[in-house]
Each structure stands twice: as structure tokens, then as C-alpha cells.
Amino acid sequence: MRRRRSALQSKMYWQIILTMFVLLDFLQMAVAHCMVHQVPARNFTLHCTLLNETFLSPFSAEVVESWSALRREHGASETKPPLLVNEESFLCCLWSDNNIDCSLYRASMQARKFIPSEISISASQEIDSNWNIECWLKGKLDLLVCSLRFLKLYLRANLKVNLLYAVSELSVGDVSTSSLKGTVTVAQCDCSAYDECECCVPSPRLNSTYIMWLKAVIGVTHLWSPLMSVKPIDIVKPEPPLNLHLEMTEKGQLKICWSDPQLMPYPLQYEVKISANSGQNGWQMVQVALETSLAIDNALLDSSYLVQVRCRNRRGPGFWSDWSTPYNLGAEVLYFPPKILTSVGSNISFHCIYKNKTEIVVSKKIVWWLNLAEEIPESQYTLVNDRVSKVTLFNLKATKPRGSFFYNALYCCHQNRECHHRYAELYVVDVNINITCETDGYLTKMTCRWSANPNTLLLGSSLQLRYYRSKIYCSDFPSTSPKSEVKECHLQKNHSYECTFQPIFLLSGYTMWIEFNHSLGTLESSPACVVPADVVKLLPPSNVKAEITRNVGLLNVSWTNPVFTNNDLKFQIRYAVNRKEIAWELYEVSNAPRSAVIKVQKLCVEYVVQVRCRELDGSGYWSNWSRSAYTLVKDIKAPLQGPEFWRIIIEDPARRQKNVTLLWKPLMKNHSLCSVSRYVIKHQTSGNTTWSEYVDNGTTCSFPWTEHTHTITVLAMNSIGVSSINFNLTLSQQMSTVSVVQSLSAYPVNSTCVILIWTLSPQIYVITSFIIEWKNLNKEEEMKWVRVPPNISKYYIYDHFILIEKYQFSLYPVFAGGVGKSRSTDRFTQGGYENENNASLYLVLPIVISTSVLLLGALLVSHQRMKKLFWEDVPNPKNCSWAQGVNFQKKEKSSMELSSLALDYDKTFHTATASHLLTS
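Okay, so let's go over this structure. Since the model is a prediction, treat every value here as computed from it, not as a measurement.

By the definition in use, this model includes 24 aromatic pairs. Aromatic pair Trp758 and Phe770: ring centres 5.4 Å apart, planes at 55 degrees, arrangement tilted. Taken together, the residues Trp758 in strand 55 (residues 753-760) and Phe770 in strand 56 (residues 767-776) connect sequence positions 12 residues apart. Of the two residues examined, Trp758 and Phe770, each falls in the buried class. Taken together through their ring pairs, the aromatic side chains of Phe405, Tyr407, Tyr411, Tyr423 and Tyr427 make up a single cluster. A cation sits over an aromatic face here: Arg469 above Phe505, 3.9 Å from the ring centre. Lying across the ring of Trp584, Arg574 places its NZ or CZ 4.3 Å from the centre.

In C-alpha cells:
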């Protein structure tokens, strides 16, 4: 018995398994030959079911029993067996609310389409689940979504759904099962919701046809839907319209405006609903055909109405978008526009409707304020109608940032100065941006630069350069063009931008301007047109050389012209003495044959020289300065004169002779031109004996003086020759006894200056010069000397003097025949020089004394008058505070008290008067 039961069960299992394989295989064949149903732009019901024996030939009893046992095993409810397939026929249906579309397949696999009247299937005959399906393309056009809702939830457990699709380039009406020749893609479906699955196809191709079908797995049972076809562009569900706002025409007509959600591939139509409350019954539907605005009645502002807008495809199928965010028309103050972005120098207008609680204020009672600090003059108001006031602002200046605020607040107020806290925002940006361009010297690229003040830019704004190119040259009146291009520019460290055009067309006109972009709008600077050939910055001259010419003493500069230029150039040469702080001098020359000669004052210094150039007609830019060239310091001429010199005579009693040491000062470069290689000392004695000696390094020379007369001449020598003008000094024993200096006085002025004054006695000799010597006797210092002209009797000696120490000053008269006897002094004269030079003090002193006498007289007169006034008021105690309470009937006591008080007053008066005079 057990063996028979086991064999029977085994046979039944094999029949069930065989039947399922046959059913699934046939299901795939049937689906492969099912008709392809078009997906509408709405929700629809999908039903692919098995029909019972009342409509089709029944299965054998064994198969039915096997199906029932299989369902019991998986815990399904006991229903009639699903007739998924029959040896004779198979039915695929696509149902909607008002229609059913079914196809019946027989063994020959040729479809026969049924009409609803031919099919009679009651609800009790449906053993599978109905699915409510809606497919749409999201508003961003990047995701195709199919949403499945289950009408029968008892099959919800252990459900897995996949969406399979293939893409065809055929139209929706032409696709069939034979179109399934490409790759079939599986899209996962999310069934985490309780009664819904959502399947997503990413990045769909808008104008291609998608053939789709659903594959569901309930436990171990596989169900397939009929084939569906759809073109994504036909089932777009746009995003809701954006930026609902009110605008006003110049005549005061209100209109509700909005923006399209994004750039759609077709025009949209809109529906607007206006309601006084949030209930659905209060909405009023209005359809707008083309425009993104709708005129509304101004009376709607009297109550709190809400406005919402939605959109859909105007020329074909598609879904309505969701409703936009509600916009409230019941604000207390309305500005039109609420925000304005404009440029410097422009004129703008604002409109306002002011509602005081529930009542709208008439326009003639409205006033305007700027930043609640400046009332706008009434002359700038315009009464649009009895509700709308308009104000116009002229020649606007750039908005100055105030903390985090980059705008001016414009307030619409009642004439009684009652203002609502809402305001309009005015943004004024300076877009007067200057663009400068230059073409490089190789004529290969053009660089344009422009800058903007970062402190005046609005948060979230951006700047970009736009341009377009004309074929040749520029128009007389450059203008912007919609065919312009954006040029990439790079921000530099100094807040400027730099853009490079490469390659370039030298004779083309490049019209360019700066575009200021912000969420409030776009501003443009004035366009400028540039021809690259007119803004060339030449290469700097090369091979620059500089030298001081010999014998002439001029600065000679030479160079080589840059490449890619003609000969019509002008040049600028800048030169300066080469030192730490260079002070440039400029010299300009035109059409120069690559050289120039400049007269300079200093010949014996090193000069640094640079050269630059530009077009002679003034177009383009100056080139950069060339590399520096330096002159060499060399001898230009023979020294102009020999050095000044003096002598020191030392007696040598042992040898009965005098030793002479010559001292001279080194020649300045402007006298040596430019150096001294040696000094030549020529000697000539009274016996007509002459000789010369040379001093290569040093400024002293010593020799014995043995003759009665000895004449010395010191010459300076360089590589060109010897000096032609020289100083002579004759040593004569006879002339050394001639005394012509009668007196000598030294007057100290300060620690850096001493005045030496002398007088001369009558003489018969002609003085050629004076030599002044001085030295500090308290220190071992070298003697200092200076040669002064013969026609003066006072000389200022500038040196560092310590006035408490002892100095010796000596004055030597120098004659043509020798040096006379000197006059010396070793002390400073006190007072004499001051008396001589400050004689004007004797004129000022009487004036000072007279003024003092007058002031003293005025003081005495004022004192007497004050005392007189005081004693006149004494008898009346009410006039003097110090006399209050004094009993004048007691003579002695009263007299003493009065005298004491008067004495106190007298002291006070003297003190106050003296203080006043001192202050004056």
C-alpha cells in the first residue's frame, strides 16, 4: 500500500514539474507573439490572466489537481487552477478603466484580437492579480518611472518584479514582437512600499520607442505581462512652474507671472487656479494658451487669495505637472518689482500698492523713502491710478556695501510717515569696466585685461568677457550681439582678469564687453572694439650700447630696431647716474638712425641707459624697456686745472735751512676729466734753475728751501695729458717780512661755524689771495687751510669746533712775489661781532620799553577806575555782597570791618588784573 502511494505521489510530482516547464516555455512563446500595447499618458490596469473552462477548453483533471496541490503547498488560497496555457489557446489582455484589449493565441500562434463584447469574464473567474500601472518621464528628462499598484494584496507576499525593456527606433505604431531583436535590459523594481512597486529606467532616449514588459515572481510562480510600447517624450510629467510673482504694467494692470520649470523640448500649456481659501471647492480653473502670465483683477488684492499654476505639453500627450507652491495675493505692501538690478547712471521706476490692514491706501497719500533716511521728492512721483503709486530714480550711483547689505532699501509709506517693514531692494552695480588689449611683438596673440572692484560685486554674481569678431576693422558704433562667445579669463593677484586670444586676425575687429550675471538679471558694460594691428606692443630694442665720447663729452647711445616693425618709429631713452636710488632723465627722438647723442652734465660717472620704442603715428603701446647698458668711466680730456696747494715751512737751525712741505687737495672729477694718474711738481729758483718731480700716489711733497726765491707749480696728469690751468706759489724771504694784516678776530657762531674778520693796513703790493689756517691747540690735529679771494674781509669757517678748547687761526696774504707775514689769534672774541651784527636790537629795544610803559599806565588807570566804582557802591549794601550784614551805625567797628573788606577786595582786584594782563 505504501509503495503504491509513494509511486502515485512520485508520478504526480513529475506531472506537475513537467506541466510547469511546458507552461513557462509556452508562456515565453506566447509573450513573444503577443500584440504590443501602447502605454497611454495616464494610469491603466494591466491584466494577464488564465481563463476557466467556460471560455476555453479545460485542462485534464490531473493537471488541475496538480495545480491545486502546488498552490496548497505554497500556502495560496484554494481557487480554480490558473489556465496559463492550453494546448488550444492563450489569452493576453491589457485593461483600462473603460476598455479591455485582449489577444487570443491558438496552437498555430496566430493572434486573433477580441473586442470586449466577445469576452465574458467575471471577477470570480480571475485568479491572478490586477495591476494599476502609470508610467511617466520626470521633468528633468533623465528618468523613466513606472509605478505598479496592486489591486489584490493577497499575492503581495514574496513578490519580486522586474521591468524588461528593449529600445527600437521605430515609431510606436510600427513596433511589434519582431522588433525585439536588440539587447534586452532588466530594470530593478523597488517594492518596499506596502502596495506599490516602482521601476526606473535611467537616462532614456526621448524620441526612441521602448518595448517593455513586466516579469513577476510570486513564490516560485513566474508571471509575464503583455508587451507595452512607449515613447518617453509622450509621457513627460514636467516640474511645476517656478517663481510665481506679481508684475504690473505701466497702466497699473496686475498680472500673475511665472517661469517654466526648465528648458522643455516643446511648448507648454498652463492651468491657473485662484482661491480665497484652501478648500478644493473654492478653486477657479483658468487655462492659459501660450504665455507665462495671466492678467488678474486688482480687486483680488482686497482679500487673501492664493494662486497656483501647473503645466503640460501643449502639442501632444503628456501628464500635468504638480501644482506650484501657492502664492499669496494678500500682502499688506506690494512692490513691483520687489527687486531691481541696474547699472550706474541708469533711471529706474518702482510701483507700489499700500494696504493699511484691510483697506488699500489711495496713491496720492503714498510717499517714498530711501533707506528710511532720505525722503524722495514728490516731483519724482507718478499716480498711475487711484491705487498704484510710481516713483522714478534718476542717474543712479553705485550701491555702497553696508555690512552684509549690498542694496538700497526703498520704502513705500503713508503720508503720515507710517511705513511697513517690507521694502523693495535696489541693486546698482558699476559695470563701466575698461578693457585694454595689446598684441605681442611677434604678432601671434592678443592679451586683454580688465578689472573690477571685488567690494562692489554682489554675492552670487559672476563676470565674464563676451566677444565676436568682424571680418575686417571695427564699426563706427560697436554693439553687443547674440552670436557672441564667452572668452575664458584668469583672475590675477591684483584682482584683475587676463584673457588671451590666439591665434588672431590682425585686421579683424574684436568687439568685446563684460557681462555681469546674477540671479536678479544680467548687466553689460559698454562694448569696445579692438583691431589687433592697432594695439601692438613692440619688442624692445636690442644690442643697446652707451659711452661718453672722448674730447666731446657727450652720451652716445646706439641700438638695433626690433623685428616685425617698419622704420617709422619713435624712441625714448632714459638715462641716469648708476647709484642706489636712480633718478631717471628722459630723452625722446623720432626716426632716429638707431643712435642718439645726449648732452650730459656729469662726464666722469657711470651712466645706466635703457631704450624703448613705439609706432611713430602713436598707435599701439610703448615697448618694454630694453636691457640696461652701462658706460665706462674713462678719461675724456686732460685735467682742466691743477690742484690748489699750500706749504708748511719748518726751520732746521742745525742745517741752517728751511724744509718746505707742499699740501694739495685731490682734484674733483669734473676738473680731472676723469682721473689723475700722477702729479707733476715744477720748481724754479732765483738762479733760473728748474726741475720737476712726480708724485704718483699722495697729496704731499717735501723739499729744502735754500734760495732766496723759489716758485712751485703743481700740475695734474691723466691718460690724455696735463692740466693747462695751474696754481703757482712763490716762496720769498724778502716778502715773508711784509705785514699788511692789521687785525684778526675770530667770533664763534656755534659748534660748526666760526667767523673770521680782519682789517688791512695800506699797502703797495697787490694781494692775489688769502690763506687761512686753523687747528686745535689742545689736540694733536693736522692743520687745516683754505684759500679765499683777496677782495673780502670776513670769512665763515665751517668745521667741528669745541668752543671750550683753544684754537689758533692764522691769516696769510699771498702776493704775486711771495707770501707775506701772517697775523694769528688763539682766542675767540666775545661780544664784538654780536654788537656789530645785532645793531637792529637798539632800534627794537626803545619800542619794547615804550610798550611796557603804556601797559603800566593802562594798568594804573584801570585800577583807579575800579576803585572809584567800588566806593560809589559802598553805601548801598544791596550792591555789594561783602557789605551784607554790616551795621553802619557803629562807626568805629563798621569802619574797621569796611576797611578790612575793602583791603581784601583790593588784593583780589590786583591779582585778577595782573593775571588778565599777563594772559593778554
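Further notes follow.
Turning our attention to the sheet that holds strand 49 (residues 678-685). Ordered by their spatial adjacency, four strands build an open sheet running 50-49-52-53, and the pairing between neighbours is antiparallel. Whereas interior strands pair on both sides, the edge strands pair on one side only; in this sheet they are strand 50 (690-695) and strand 53 (727-732). Taking the axes of each pair of neighbouring strands and ignoring which way they run, one obtains an average angle of 20 degrees across the sheet. Both strand 49 and strand 52 (residues 709-717) contribute to a ladder of eight bridges, which runs antiparallel. Note that in strand 52 the partner of Gln684 across the bridge is Thr711.

In this section: unusual backbone geometry. Negative phi is the rule for most residues except glycine; trans is the rule for most peptide bonds. Here the amide bond leading from Phe336 into Pro337 is cis, since omega sits at -10 degrees, within 30 degrees of zero. Mapped onto the secondary structure, Pro337 falls in the loop between strand 21 (333-336) and strand 22 (339-343). For the peptide bond that leads from Leu673 to Cys674, omega is 15 degrees, which places it in the cis range. Residue placement: Cys674 occurs in the loop between helix 3 (669-672) and strand 49. At Leu141, a position not held by glycine, the phi torsion is positive, near 60 degrees.

For side chains bearing opposite charge, pairing can occur when the charged atoms are close. Inspection of every chain in the model, using the stated rule, returns 12 salt bridges. Ionic pairing is found between Arg310 and Glu271, a salt bridge with its closest N-O pair at 2.8 Å. One end of the pair, Arg310, is in strand 19 (residues 306-313); the other, Glu271, is in strand 16 (residues 268-275), with 39 residues separating them in the sequence. Taking relative accessible area as the criterion, Glu271 reaches 14% and is therefore assigned buried. If you follow the salt bridges from partner to partner, you end up with Glu438, Arg449 and Glu498 in one network.

As summarised here, the arrangement of the four strands in space is 43-42-45-46, forming an open sheet in which the pairing is antiparallel. Of all strands in the sheet, those bounded by a partner on one side alone are strand 43 (585-590) and strand 46 (629-630). One ladder, built from six bridges, connects strand 42 (residues 569-577) with strand 43; its direction is antiparallel. Each residue of the ladder has a partner; that of Lys570, found in strand 43, is Ser590.

Quick look at the nonpolar core now. Among the nonpolar cores identified, the biggest contains 61 residues, and Val161, Met212, Trp258 and Ile353 are the most heavily contacted of them. Formed by 28 residues, the second largest nonpolar core is a distinct cluster that contains Leu341, Cys448, Met512 and Val530.

With that out of the way, let us pick up the side chain of Thr730. Position of Thr730 among the secondary structure elements: in strand 53. Only 3.3 Å separates the side chain of Thr730 from the side chain of Thr711, close enough to count as a polar contact. Those residues within four positions of Thr730 in sequence are excluded, and the remaining contacts are Thr709, His710, Thr711, Ala816, Gly817, Gly818 and Val819.

Right, let's get into the state of the cysteines. In the structure shown here, the tally under the stated rule is nine disulfides. Each sulfur in the disulfide pair Cys135 and Cys146 lies 2.1 Å from the other. On the sign convention where negative is left-handed, the bridge of Cys135 and Cys146, at about 110 degrees about the S-S bond, is right-handed. Here Cys135, found in strand 6 (residues 131-137), pairs with Cys146, found in strand 7 (residues 143-150); they are 11 residues apart in sequence, far enough to count as distant. Comparing Cys135 with Cys146, the two get one shared label, buried. Disulfide pairing places Cys352 opposite Cys412 at an S-S distance of 2.0 Å. When the S-S torsion is -85 degrees, as for the bridge of Cys352 with Cys412, the disulfide is left-handed. In this pair, Cys352 is assigned in strand 23 (residues 348-356) and Cys412 in strand 29 (residues 408-414), connecting sequence segments 60 residues apart. You'll find Cys352 and Cys412 in the same group, each marked buried.

Analysis parameters
- Residues numbered from 1 in each chain as written.
- Predicted model: local features only at pLDDT ≥ 70, side-chain atom pairs only at ≥ 80, totals over all residues.
- Heavy atoms only, no water.
- Phe/Tyr/Trp six-rings, centres within 6.5 Å; stacked < 30°, edge-to-face > 60°.
- Helix = DSSP H or I, 4+ residues; strand = E, 2+ residues; numbered from the N terminus.
- Buried < 20%, exposed > 50% of the residue type's maximum accessible area, 1.4 Å probe, protein only.
- Lys NZ or Arg CZ within 6 Å of the ring centre and 35° of its normal.
- Pairing = 2+ DSSP bridges.
- Axes fitted to C-alpha atoms, helices over the stretch in contact; angles between N-to-C directions.
- Salt bridge = Lys/Arg side-chain N within 4 Å of Asp/Glu carboxyl O.
- Core = buried A, V, L, I, M, F, W, Y, C linked by side-chain atoms within 4.5 Å.
- Polar contact = N/O pair within 3.5 Å; in protein donor to acceptor, adjacent residues only side chain to side chain.
- Contact = heavy atoms within 4.5 Å.
- Disulfide = S-S within 2.5 Å.

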